[in-house]
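Here are the chains, one letter per residue:
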Amino acid sequence: MGRRRAPELYRAPFPLYALQVDPSTGLLIAAGGGGAAKTGIKNGVHFLQLEQINGRLSASLLHSHDTETRATMNLALAGNILAAGQDAHCQLLRFQTQQQKGKNKAEKADSKEQGPRQRKGVAPAEKKSGAETHQDGVELKVENLQAVQTDFSPDPLQKVVCFNHDNTLLATGGTDGYVRVWKVPNLVKVLEFKAHEGEIEDLALGPDGKLVTVGWDLKASVWQKDQLVTQLHWQENGPTFSNTPYRYQACSESGTFLGLGTVTGSVAIYIAFSLQRLYYVREAHGIVVTDVAFLPEKGRGPELLGSHETALFSVAVDSRCQLHLLPSRRSVPVWLLLLLCVGLIVMTILLLQSAFPDFL
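Residues numbered from 1 in each chain as written. Predicted model: local features only at pLDDT ≥ 70, side-chain atom pairs only at ≥ 80, totals over all residues. Heavy atoms only, no water.

**Notes on the sheet that holds strand E12 (residues 169–174)**
So, step 1. Taken together, four strands build an open sheet; the order of strands is E11-E12-E13-E14 and the sheet is antiparallel. Every other strand in the sheet has two partners, leaving strand E11 (158–163) and strand E14 (189–194) as the edge strands with one partner each. Between one strand axis and the next, the sheet turns through 15° on average, direction left out of account.
So, step 2. Here five bridges tie E11 to E12, and the two strands are oriented antiparallel to one another. Along E12, the bridge assignment pairs Val160 with Gly173. (Pairing = 2+ DSSP bridges. Helix = DSSP H or I, 4+ residues; strand = E, 2+ residues; numbered from the N terminus. Axes fitted to C-alpha atoms, helices over the stretch in contact; angles between N-to-C directions.)

**Some words on the sheet that holds strand E4 (residues 43–53)**
So, step 1. With respect to topology, four strands assemble into an open sheet ordered E2-E3-E4-E5, the strand pairing being antiparallel. Either end of the sheet is taken by a strand with one partner, and the two such strands are strand E2 (16–22) and strand E5 (56–66). On average, each strand axis in the sheet is inclined to that of its neighbour by 25°, with strand direction left out of account.
So, step 2. In this sheet, strand E3 (residues 27–33) lies alongside E2 in antiparallel orientation, the contact comprising six bridges. Directly across from Val21, in E3, lies its bridge partner Leu28.

**Things to note about the pattern of salt bridges**
So, step 1. Summed over all chains, the structure comprises 13 salt bridges.
So, step 2. With a shortest N-O distance of 3.1 Å, Arg94 and Glu143 are connected by a salt bridge. Here Arg94, found in strand E8 (residues 89–99), pairs with Glu143, found in strand E10 (residues 138–149); they are 49 residues apart in sequence, far enough to count as distant.
So, step 3. With a relative accessible area of 27%, Arg94 lands in the partly exposed category.
So, step 4. Assessed through its relative accessible area of 36%, Glu143 is described here as partly exposed. (Salt bridge = Lys/Arg side-chain N within 4 Å of Asp/Glu carboxyl O. Buried < 20%, exposed > 50% of the residue type's maximum accessible area, 1.4 Å probe, protein only.)

**Some thoughts on the environment of His89**
So, step 1. With respect to the helices and strands, the residue His89 is situated in strand E8.
So, step 2. Owing to a relative accessible area of 36%, His89 belongs among the partly exposed residues under this scheme.
So, step 3. In sequence terms His89 and Thr150 are 61 residues apart; their C-alpha atoms lie 5.3 Å from each other.
So, step 4. Ignoring any residue separated from it by four or fewer positions in sequence, one finds His89 in contact with Ala84, Val148, Gln149, Thr150 and Gln158. (Contact = heavy atoms within 4.5 Å.)

**Considerations on the pairing of strand E16 (residues 210–215)**
So, step 1. As paired elements, strand E15 (residues 200–205) and E16 share five bridges and run antiparallel to each other. Note that in E16 the partner of Ile200 across the bridge is Gly215.
So, step 2. Examined bridge by bridge, E16 and strand E17 (residues 219–224) share five bridges and lie antiparallel to one another. Residue pairing across strands places Leu211 opposite Trp223, the latter belonging to E17.
So, step 3. In this antiparallel pair of consecutive strands, E16 and E17, the connection spans three residues, and Leu218 shows a positive phi of 70°.

**Here's the deal with the UniProt feature "repeat: WD" (unreviewed entry) in the protein chain**
So, step 1. Following the UniProt record, the feature "repeat: WD" (unreviewed entry) maps to residues 161–184 here.
So, step 2. Across residues 161–184, the secondary structure splits into 0% helix and 62% strand, with the terminal C-alpha atoms separated by 13 Å. (UniProt positions renumbered as here; feature names shortened; annotations may be inferred.)

**Points about unusual backbone geometry**
So, step 1. In this structure, the amide linkage connecting Val184 to the following residue, Pro185, adopts the cis form with an omega of 10°.
So, step 2. Its location among the elements puts Pro185 in the loop between strand E13 (178–183) and E14.
So, step 3. Even without being glycine, Asn167 reaches a positive phi, approximately 60°.
So, step 4. Considering the arrangement of structural elements, one finds Asn167 in the loop between E11 and E12.
So, step 5. Residue classification places Asn167 among the partly exposed positions, given a relative accessible area of 33%.

**Observations regarding the side chain of Gln91**
So, step 1. Counting through the fold element by element, Gln91 comes out in strand E8.
So, step 2. For Gln91, a relative accessible area of 9% gives the class buried.
So, step 3. A distance of 3.3 Å separates a polar side-chain atom of Gln91 from the backbone oxygen of Leu145.
So, step 4. Polar contacts involving the side chain of Gln91 include one to the main-chain carbonyl oxygen of Gln146, which spans 3.4 Å.
So, step 5. For Gln91, the contacting residues outside a window of four places in its chain are Leu82, Ala83, Ala84, Gln86, Asn144, Leu145, Gln146 and Ala147. (Polar contact = N/O pair within 3.5 Å; in protein donor to acceptor, adjacent residues only side chain to side chain.)

**Digging into the confidence of the model for the protein chain**
So, step 1. Across the protein chain, the average pLDDT comes to 85, with 82% of residues at 70 or higher.
So, step 2. A low-confidence stretch, residues 104–132 stays under pLDDT 50, and its non-local contacts, those more than four residues away or across chains, total 56 contacts. (pLDDT = per-residue confidence, 0-100.)

**Considerations on the nonpolar core**
So, step 1. By size, the foremost hydrophobic cluster in this structure holds 23 residues, and its most contacted members are Leu9, Leu28, Leu50, Leu295, Phe313 and Cys321.
So, step 2. Listed in part, the 16 residues of the second largest apolar core include Phe47, Leu77, Phe95 and Val142. (Core = buried A, V, L, I, M, F, W, Y, C linked by side-chain atoms within 4.5 Å.)

**Side note on the pairing of E3**
So, step 1. E3 sits mainly inside the fold: seven of its seven residues count as buried.
So, step 2. Residues Leu27, Ile29, Ala31 and Gly33 of E3 are buried on one face, and the alternating residues Leu28, Ala30 and Gly32, pointing to the opposite face, are buried as well.
So, step 3. Linking E2 to E3, which pair antiparallel, is a turn of four residues; within it Gly26 sits at a positive phi near 75°.
So, step 4. Sheet topology places E3 next to E4; seven bridges connect them, and they run antiparallel. Residue pairing across strands places Gly32 opposite Gly44, the latter belonging to E4.

Here you go:
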């Protein structure tokens, strides 16, 4: 048998680094680029429309947002607001979709030139910031909002960004080891403190105001504002391996499944509580996987998921976005289990009555 392969959902004209899925609109948002180097590789954020076609999940390019000389390395989503990590800065973007009333002839001609779907090959030329893209009666607008510098190391880079539970605050972390928290949407800084020696790998804001961070210093920390609540150190709290350095890599919300992408391009899906592996494609991308995201369980998620149990999207430096579908596992319905239990009880009583006539 040949190697298992994951279907290619979309191919961008640049390396992909970040991924988000909007549950309300069914938009898959993929971002990346070649950076400021004059290599001819563009930088952008692509908005893909997810839909079920003949029982298969597909994606078509709805809008291409040009980010000029800045590659987007990380993304966070809050409603229709995107926070994009671009070099040492965080750029807020607002997108809106609506049904268009009609097309003029020029728009129709342009639509025919571009083609209705862009799953492989080079995507159509990106349009200027704030431009509109039309497709299949849908109109999408993207506008740049506020931007702010979030990292101040000698080689500054924002590595992670996330919103809090009510989308009023935004937290960023980068190569200087500082956590900075900003008001949304004006990006006024409300908190700043040194969380790690070295780069911050990931962070998450909890509904109780606590903040979890993991860094290159092998530590995972929980904070209440800038006060340390508790901390784990891999060398002290983690499994013991012979002189092999390990560090905490990510922190995430609790859920049913855990999605994993590796530096060798492999992709896997695990049960979160037991770490039982349910799905695995070795070297699906053949190069480092830069981000993964599950299809949300709310909004349009169930409609798009179809008969599958879950869907995981992955992106990599190879410019590809892949789809990983987990088929529904066979399970016995609860009503059948209850019926079997009742039947066993009745049979037990009848057997006892037969063996012992005076039992009842």
